[in-house]
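Understanding the architecture of this molecule
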Amino acid sequence: MKQKEIAITAYKCKKCGKLHYPFHDRCLACKQREFEKVKPEGNAKLLTYTAIFNLPWGFDQRYLIIGVAEFDNNVKAMGQIKADSIDQLKVGMKVKPSWEPVRVQYGEDVYGLKFEPME
Amino acid sequence: MRDVVIIGAGMIPFGRRDEDTLTDMLAYASLKALDDAGLGDKSVDAVYVGNMGSGILQHQSSIASSLVDRLSLLPAAADTVENGPASGGSAVKNGLLAVASGYYDTVLVVGGEKMREVTGWRATDFVATMTHPEAEYLYGITLPGMAGMFTRLYMEKYGVTREHLLAVSIKNQEMGTLNPYAHVEMALDREGIFDSPHAVVNNPVSADPLHLYDLCPVSDGAAAIVICPLEKAKKMTKPLVRIAGFGQATDTHALQERDDPTDLKAVTLAAQQAFEMAKLKPSDIHVAELHDAFTILEIAESEHVGFFKKGEGGKAAAAGKTRLGGQIPINLSGGLKARGHPVGATGVAQIVDIVFQLRHELPKTRQVKNAQNGLTVNFGGFGNNVLAFVLRRVEQ
């Protein structure tokens, strides 16, 4: 099956170069309003993670592993982690991003980021 | 700006209160504060109600209007203030500014939340609605999950250990057994939740590396204060407590956008503003109520407000420096961990607990001897909207 494109967009300030995700109307650093759209590129590095055992309404499963990772082009984003156990993970490890269903709302799949350990 | 004092304080026991509606709880706490102020049959100029989620949890809106009607405080001005888990603190700030400016003289501030009438599954989702909708909430992140990711980084950077976290949960649950208003009145035994083979069952992982007893409970409850200008309170016979300083600061909504996610900038800034306004420094504080929704937060906040250097808070907790009789007693009410965390009530309840301390009303098992100055920190979102208050006993 063809990999779906990762449908998030980061925003690089045209004045000071600060990278933002998610969107801000004004740059967090210099307050300017002009941004260049940046797509996340390459693989990613896992920055932090957790396994959640008390899940919110809408998640009918035993646990969920979630983390924040930084793509090769410095875009940082949260995503679900495709691992059987949190013991497989460590901060700084390489992870492969993909765009897959992350939850079901009103009977429909909702897509988002997933990261799979590469080591 | 006029000096503003707290002339009445009250709260109801936190916990699971199936018999009471949200308005019942707000009314009971308000009446206790009004009676405490000697205003049981009098009016107030304005009412501020801190509440995060009555629209979601009770399908009820405009609760401040509902409360003034219930208390026959008409035609007092009434506003509901929503600022996530810092709703209570924000309500106090609004009342404080209204009195300090000279616009109103007598103001009732009450915070409350009724969270136990929905399932834990729903309550967890409700609290998670404060995260960023597309960048965080979508993935199923929860506030304990945020705290888990934060704890992992804090442990790595500052050497905080599970034993440090354990010291906070044991201290706060011990204090909860001494507080008649506390939700959790069960002392913890280190053996049972850490050392023994049964600990894995008694204290399971909740949001790795945080365990069940690192988290506050989901609670129902309400707390209230009555405030007025100092010059109009001089005839009061009870000791007065002045709101000597406050601060509020915000930080990025999405956690990953912080340059250093272990740096709780909004806590530092809010505390600095409060200390500056009160003309005090951290070492002048005799007792503090910090927002320990998760044990790691008590440790991190104790560093960010300036009680301890970065990396020293965990060791200080483990060494007993934050217990009664220690360098800076923290959360002698049991904190959110044991008093409970009805989100909209918390910011007000912390102030009520410090008022009890500064009026020297508590039994000696919880009272800081001759306490004159107190600090509260009310932490909204995951540190993206934080309020701090410095309270001082007024010598009459």
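As the structure is a computational prediction, the values presented were derived from the model and not from experiment. Every residue gets a number counted from 1 within its own chain, in the order that chain's sequence is written. Starting at A for chains and at 1 for ligands, labels are handed out in the order in which the entities are written. Under the rules for a predicted model, residues below a pLDDT of 70 receive no local features and side-chain atom pairs below 80 are neither given nor counted, while totals for whole chains, interfaces and linings still include all residues.

Some words on the confidence of the model for chain B
Inclusion rule: Looking at any residue, its pLDDT shows the predictor's confidence there, from 0 to 100.
On average, chain B scores 97 in pLDDT, and the residues at 70 or more come to 100%. Interface scoring of the predicted complex returns ipTM 0.97; its pTM is 0.97.

A closer look at the sheet that holds strand β1 (residues 10-13) of chain A
Two orientations exist for strands paired in a sheet by backbone hydrogen bonds: parallel and antiparallel. Residue and element names in this part refer to chain A. Definition in use: Any two strands between which DSSP finds at least two bridges are classified as paired. Secondary structure elements follow DSSP: runs of H or I of four or more residues count as helices, runs of E of two or more count as strands, with numbering from the N terminus.
Spatial ordering of the open sheet is given by β2-β1-β3, a layout of three strands whose pairing is antiparallel. Pairing within the sheet leaves two strands with one partner each, and these edge strands are β2 (19-20) and β3 (35-38). Across four bridges, β1 lies against β3 in antiparallel orientation. Bridge pairing links Ala-10 to Val-38 in β3.

Overview of the sheet that holds strand β9 (residues 287-289) of chain B
All names here are of chain B. Heads up, the condition is: Angular values range over 0 to 180 degrees, each being the angle between N-to-C directions of two axes fitted as lines to C-alpha atoms, with helices fitted over their stretch in contact. C-beta atoms are first placed from the backbone for all residues, and any pair lying within 7 Å is then listed as a contact.
Strand order in the open sheet formed by nine strands is β3-β2-β4-β7-β1-β8-β11-β10-β9, with mixed pairing between adjacent strands. At either end of the open sheet lies a strand with only one pairing partner, and these are β3 (77-81) and β9. Geometrically, the sheet is characterised by an average inter-axis angle of 25 degrees between neighbouring strands, direction not taken into account. Judged from the three bridges that link them, β9 and strand β10 (residues 373-380) form a sheet pairing that is parallel. For Ala-288, the partnering residue across the bridge sits in β10 and is Leu-375. Packed on one face of the sheet, helix α14 (residues 343-358) meets β1 (4-11), β2 (46-50), β4 (107-114), β7 (220-229), β8 (240-250), β9, β10 and β11 (385-394) and runs near 125 degrees to β4.

Comments concerning the environment of Thr106(B)
All names here are of chain B. Selection rule: Buried, partly exposed and exposed are defined by the number of other C-beta atoms within 10 Å of a residue's own C-beta, namely 20 or more, between the two limits, and 12 or fewer respectively, with C-beta atoms placed from the backbone.
Note on placement: Thr-106 falls in the loop between α4 (87-100) and β4. The class for Thr-106 is buried, based on 23 C-beta atoms found within 10 Å. Filtering out sequence-adjacent residues up to four positions away, Thr-106 remains in contact with Val-44, Asp-45, Val-226 and Cys-228.

Examining the pairing of β7(B)
Residue and element names in this part refer to chain B. Counted residue by residue, β7 has nine buried out of 10 residues, so it is predominantly covered. The pairing of β4 with β7 spans eight bridges and is antiparallel. Each bridged residue has a counterpart across the sheet, and for Gly-111 the counterpart in β7 is Ala-223.

Details of the nonpolar core
Residue and element names in this part refer to chain B. For the record, the criterion: Core membership is restricted to buried Ala, Val, Leu, Ile, Met, Phe, Trp, Tyr and Cys residues, and these are joined into a nonpolar core through C-beta atoms within 7 Å.
Core analysis: the largest hydrophobic core is formed by 167 residues, its most contacted members being Val-47, Val-109, Ile-225, Ile-227 and Val-348. Of all the elements, α14 adds the most residues to this core, at nine residues. Here Val-47 is in contact with Ala-64, Leu-67, Val-68, Leu-73, Ala-76, Ala-78 and Leu-108, once residues within four sequence places are set aside.

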